[in-house]
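# Examining the three-dimensional arrangement
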Amino acid sequence: MITVLLILMNILAIDSSGSLLSLTLKLDDKISNFSDQQQSRASQIILSSIDALLSKSKIEVNDLDAIVFNKGPASFTGTRVAASVCQAIGYTQNISVIGISSLSLMAFVYYLKSKYSNITCIRKAYSNKFYVGHFEIDNSKYETIKPVYLCNANNLKFDKINHYVSDSWEKIMPALDSDQLKDISYFDEEVQLNSEILLEYAEKYCNFKEPFNLKKTFPDYANHI
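Conventions we followed
- Residues numbered from 1 in each chain as written.
- Predicted model: local features only at pLDDT ≥ 70, side-chain atom pairs only at ≥ 80, totals over all residues.
- Heavy atoms only, no water.
- Phe/Tyr/Trp six-rings, centres within 6.5 Å; stacked < 30°, edge-to-face > 60°.
- Helix = DSSP H or I, 4+ residues; strand = E, 2+ residues; numbered from the N terminus.
- Buried < 20%, exposed > 50% of the residue type's maximum accessible area, 1.4 Å probe, protein only.
- Lys NZ or Arg CZ within 6 Å of the ring centre and 35° of its normal.
- Pairing = 2+ DSSP bridges.

## Details of the packing of aromatic side chains
One pass over the structure, following the stated rule, counts 13 aromatic pairs. Pairing Tyr 142 with Tyr 205 gives two aromatic rings, centres 5.1 Å apart and planes at 65°, and the pair type is edge-to-face. With Tyr 142 in strand E8 (residues 142–152) and Tyr 205 in helix H5 (residues 195–205), this residue pair connects regions lying 63 residues apart in the sequence. When the ring of Tyr 201 is compared with that of Tyr 205, the centres are 5.3 Å apart and the planes differ by 65°; the resulting orientation is edge-to-face. Separated by 4 residues within a single helix, Tyr 201 and Tyr 205 lie in helix H5, roughly one turn from each other. For the pair Tyr 201 and Tyr 205, a shared accessibility class is recorded, and that class is buried. An aromatic cluster is defined as three or more aromatic residues linked by ring pairs; in this entry it consists of Phe 108, Phe 135, Tyr 142, Tyr 201 and Tyr 205. The lysine or arginine in question, Lys 115, covers the ring of Tyr 111, its NZ or CZ lying 4.9 Å from the ring centre. Above the ring of Phe 130, the side-chain terminus of Lys 124 is found at 5.4 Å from the ring centroid.

## A word on the pairing of strand E1 (residues 10–15)
With 6 of its 6 residues buried, E1 lies for the most part within the structure. Alternating positions in E1 separate into two faces, Asn 10, Leu 12 and Ile 14 on one and Ile 11, Ala 13 and Asp 15 on the other, with burial throughout. Where E1 and strand E2 (residues 21–27) come together, 6 bridges link them in antiparallel fashion. Looking at E2, one finds that Ile 14 is bridged to Leu 23. Taking the residues between adjacent antiparallel strands as the criterion, E1 and E2 are bridged by 5 residues. By the bridge criterion, 4 bridges tie E1 to strand E4 (residues 66–72) in an arrangement that is parallel. Paired with Leu 12 across the strands is Ile 67, a residue of E4.

Okay, structure coming up:
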């Protein structure tokens, strides 16, 4: 269980896991954003974009207290770019860097929409494999019921307690028995992740007191694109 008492901090949130390079800077209680649709250019513009966002807010990189980023599973290239930048800044400045699972963020977005507490997220990995994460959420806690795991579509298990969210039902359905989802709460919704969601999640559930820890910056990859 994670509960966090947050004080005013300078936090940079980075999401380059999808088609959008998204940056959010929280300077005490002021929020600034940057986004760029050309994800293929993320590796070329991410450093200059961070610099521009910091300059606009009239702070230097050494004024940051923490960084959070979407660590995937997601695009290989986008996830690697964000992780590399966060590792470099976190190590040189010795500040907290926290990678947040894209499955945790999916569950968080759906919780905000639905207020359902028991949520299972299923995300496409590669071939016939899917990442699965089970979460229990409310306004004061966010628990991972068990670590995110990888399985084939025909090995997915469903129950009546959880609410299921996925970006890939059209790929999952053909592998299931016709009655496998009978009386199961499942939702086919487009879950748009970005740095603002990252920041909101981090302020609720992350602990920024620890110094830089390389293990917390390792990315999770999905499709190698």
